Amino acid sequence: MPSRNFARIVYVPFDQLNSNHGALKHVNKDSDLVLLVESDRMVNPQKYHPQRLFFLVSSARHFAAALRSDGYNVSYVRDATTEQGIRDAMSTYPEATLFAAEQSSYRLQATLGALGASFCPNDFFLTERQSFIEWAQSQKSYLMENFYRRQRLRLNILVDGDKPVGGAWNFDKDNREPLPKQYDFAPYVEHERDELDREVADELGVSMSGTWATTRAGALNQLREFLSQHFENFGRYEDAMSSTNWAVHHSLLSPYINNGLLHPKEVVDAALERFEEGGIPIASCEAFIRQIIGWREYINGMYWHLGESYRENNGLKATRTLLPLYSDPSATQMNCVKSVISDIQERSWVHHIPRLMVLSNLALIAGVNPQEYLEWMRESFIDAFDWVMVPNVIGMGVHADSGLMMTKPYAAGGAYISRMSDYCKGCVFDPKKRSGDTACPFTTLYWDFLDRHAEEFSRNHRMFQQIAGLRRLSDLDEVRARAKTVLQKLEEGTL
Ligand code: FAD
Ligand code: SF4
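From a predicted model like this one, the values you see are computed outputs, not experimental measurements. (Residues numbered from 1 in each chain as written. Chains lettered and ligands numbered in written order. Predicted model: local features only at pLDDT ≥ 70, side-chain atom pairs only at ≥ 80, totals over all residues.)

## Details of unusual backbone geometry
Within the chain, Val248 stands out as a residue other than glycine whose phi angle is a positive 50°. With respect to the element layout, Val248 can be found in the loop between α7 (216–234) and α8 (254–259). The class for Val248 is buried, based on 21 C-beta atoms found within 10 Å. Even without glycine at this site, Leu252 takes up a positive phi of about 60°. Tracing the backbone through its elements, the reader meets Leu252 in the loop between α7 and α8. The exposure class of Leu252 is buried, given the 24 C-beta atoms found within 10 Å. (Helix = DSSP H or I, 4+ residues; strand = E, 2+ residues; numbered from the N terminus. Buried ≥ 20, exposed ≤ 12 C-beta atoms within 10 Å, placed from the backbone.)

## Concerning the sheet that holds strand β1 (residues 8–11)
The strand order β3-β2-β1-β4-β5 describes an open sheet built from 5 strands, whose pairing is parallel. The open sheet terminates on both sides in strands that have one partner only, identified here as β3 (73–79) and β5 (118–120). Neighbour-to-neighbour, the strand axes of this sheet turn through a mean angle of 30°, independent of strand direction. Bridge count between β1 and strand β2 (residues 32–39): 4 bridges; the pairing is parallel. Paired with Val10 across the bridge in β2 is Val34. On top of the sheet, helix α2 (residues 82–92) reaches β1, β2, β3 and β4 (97–101); it is set at about 150° to β2, its chief contact. (Pairing = 2+ DSSP bridges. Axes fitted to C-alpha atoms, helices over the stretch in contact; angles between N-to-C directions. Contact = placed C-beta atoms within 7 Å.)

## What about the pairing of β1?
Of the two faces of β1, the one lined by Arg8 and Val10 and the one lined by Ile9 and Tyr11 are each fully buried. With 4 bridges joining them, β1 and β4 adopt parallel strand pairing. What sits directly across from Ile9, in β4, is Leu98.

## Observations concerning the domain arrangement of the protein
Many structure descriptions define interface size as the accessible area lost when the parts assemble. One can read the domain layout of the protein as domain 1 (8–120), domain 2 (129–306) and domain 3 (312–492). Measuring from the centre of the C-alpha atoms in domain 2 to the corresponding centre in domain 3 gives 25 Å. Taken together, the contact pairs 22 residues of domain 2 with 23 residues of domain 3. The set of elements that each furnish at least two residues to the side of domain 2 that touches domain 3 consists of α8 and α10 (282–306). When residues in the side of domain 2 that touches domain 3 are grouped by element, the largest group, 5 residues, is from α10. (Domains from an automatic or database assignment.)

## A closer look at the site of ligand 1
The immediate surroundings of ligand 1 are formed by 27 residues, with His250, Ser251, Ser254, Gln291 and Gly397 found nearest. Secondary-structure elements contributing two or more residues to the shell around ligand 1 are α8, α10, α12 (352–366) and α14 (386–397). Counting residues per element, the shell around ligand 1 draws most heavily on α14, at 6 residues. Counted by class, the shell around ligand 1 contains 14 nonpolar, 10 polar and 3 charged residues. Each of domain 2 (129–306) and domain 3 (312–492) contributes no fewer than three residues to the shell around ligand 1. (Near = placed C-beta within 6 Å. Nonpolar A, V, L, I, M, F, W, Y, C, P; charged D, E, K, R; others polar.)

## Observations concerning the environment of Glu297
Mapped onto the fold, Glu297 is located in helix α10. Each C-alpha atom of the pair Glu297 and Met406 lies 16 Å from the other, and the pair is 109 residues apart in sequence.

## Brief notes about helix α16 (residues 441–452)
For α16, which comprises 12 residues, the first-to-last C-alpha distance of 16 Å matches the rise-based estimate of 16 Å (1.5 Å per residue) to within 8%. Among the 12 residues that make up α16, 10 are buried, leaving the element largely enclosed by the rest of the structure. All of the buried residues along α16 are Pro441, Phe442, Thr443, Thr444, Leu445, Tyr446, Trp447, Asp448, Phe449 and Leu450. Turning to α16, the residues buried within the fold contact α12, α15 (414–420), α17 (454–457), α18 (464–472) and α19 (476–492). (Expected span 1.5 Å × (residues − 1).)

## Comments concerning the nonpolar core
One finds Ile9, Val10, Tyr11 and Leu35 to be the most contacted residues of the largest nonpolar core, which totals 143 residues. Looking at this core, the element that brings in the most residues is α10, giving 12 residues. Those residues in contact with Val10 that lie beyond four places of it in its chain are Ala23, Val27, Asp32, Leu33, Val34, Leu35, Phe99 and Ala100. (Core = buried A, V, L, I, M, F, W, Y, C linked by C-beta atoms within 7 Å.)

## A closer look at the environment of Leu450
In this fold, Leu450 is placed in helix α16. Taking C-alpha positions, Leu450 is 6.9 Å from Ile467, a pair spaced 17 residues apart along the chain. Ignoring any residue separated from it by four or fewer positions in sequence, one finds Leu450 in contact with Phe457, Gln466, Ile467 and Leu470.

## Details of the site of ligand 2
Lining the immediate environment of ligand 2, one finds 14 residues, of which Cys336, Gly414, Cys424, Cys427 and Cys440 sit closest. Listed by contribution, the elements that provide at least two residues to the shell around ligand 2 are α11 (335–347), α15 and α16. Here the residues of the shell around ligand 2 sort into 11 nonpolar, 3 polar and no charged.

## Brief notes about the packing of α10 against α14
Relative orientation and spacing of two packed helices are given, respectively, by the angle between their axes and the distance between those axes. Two numbers describe how α10 lies on α14: the axes approach to 8 Å, and their chain directions differ by 85°. In terms of axis orientation, α10 runs roughly perpendicular to α14. Across the interface between the two elements, Ile299, Asn300, Met302, Tyr303 and Leu306 from α10 touch Trp387, Val388, Val390, Pro391, Asn392 and Gly395 from α14. For the contact of α10 with α14, the per-class residue count stands at 8 nonpolar, 3 polar and no charged. (Parallel < 35°, antiparallel > 145°, perpendicular 65-115°, else oblique.)

And the structure:
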């Protein structure tokens, strides 16, 4: 029997861990009960990456403990499913009503709606869902750049009146550099672990590392470290990959912005403040700001605009089952893939370019089923949540939406990876070759992919150059033959 009654059960999901935002902003500490549910379905070590589980659970438990010591009534429960945990609380406190912020996935929003919850807006983003949808409905094509410029003006960021600071909206032409041959990498923060971390790690049976913080203080420390050590060179080497450094100058902030420990506004404010202090090139500042107020907001907006069934798209009719190399780096000799998969196994994270130009590019040109690939990405990455994975994978990564989001597929051969990394130097394959036993699988499959979809791509004016290149190939038959072998070996895990 409950020892007391509550007016409301305030449900807080594991991606809204912030007492200044979401439902907690509206809590009455005296009369409300804050409920967090750790579901068996989520805490499944067979399914999810151990670092991801550790991060999500330990962050939520630290957060619940902080709320308690701040005087909130908190119930942190473990149950079979989130729904069951909420139902149990509702039957324990039958007079209490259910309250939450809008959820960040269709599934959870529907679950809470069916339980009779009332909602406050989800303010973990900088753009209201409805306002994005109105923008999207007014567009012929959903160009991120157009949305981003509108965000800069609307939020009054890096603008002087209606003109962009530094004279351009986008400095990408100054970025995209590969790393120099000799390069001193700045160190990364090693986060200290506490008793609660150890308890969670023991319970989940995972080994702890210092890579990811599990508290707001740790997340703020990561933000400070990025701004002091990495911000300056963020833009310049944003697309570079390295076999000797796993994060280059990326911020490593996505897990915390996505689970609520950091709010995007405070990240943007801190970056602008650091920029004002001097020493940060505009190309770096603009690139970082674009990721947060542009890409992140755009992706969330598109998730809600494109609808729940968007995830099922398979416009290129890709049916190949997920390749063994995605879960086992020893299943391939491709140096880039082996290295990226090993990094994911260690930290549950790699930066944007390995996600896009190695992992997704391979899934795209090998014709891997988009839904199988999406599921693998969701299970593997520390920062994966439905709203962010679905458009990034289905739209950007594997072009399964037939160009609804991105006008052309991000398909590339080995030349791109060779230019932006040092992976090819230690590889048994040759990025310049497209046929023969030592041909780079990316290069072979790139041309074979264009060939397989030549008819539909020739209707896309943005693919004109690629298709013209394909038509000029004199060895297309050899490429096709090599592609057959490559695909068979990839399926067997012997390439
Ligand atoms: P930085 O490079 O330092 O960028 C700063 C911030 O910008 C990030 O923390 C993130 O909040 C935001 N950002 C940049 N690009 C994107 C984007 N495309 N979508 C959303 N936010 C963005 N990001 C996730 O947070 N979760 C995912 O599950 C995820 N899946 C992805 C899948 C694919 C196929 C691709 C191509 C990208 C995906 N991204 C995802 C976007 C991006 O790769 C990560 O946000 C970034 O690598 C996180 O590292 P960081 O914090 O160091 O980012
Ligand atoms: Fe990857 Fe091809 Fe370079 Fe090998 S040669 S590292 S497979 S891009």
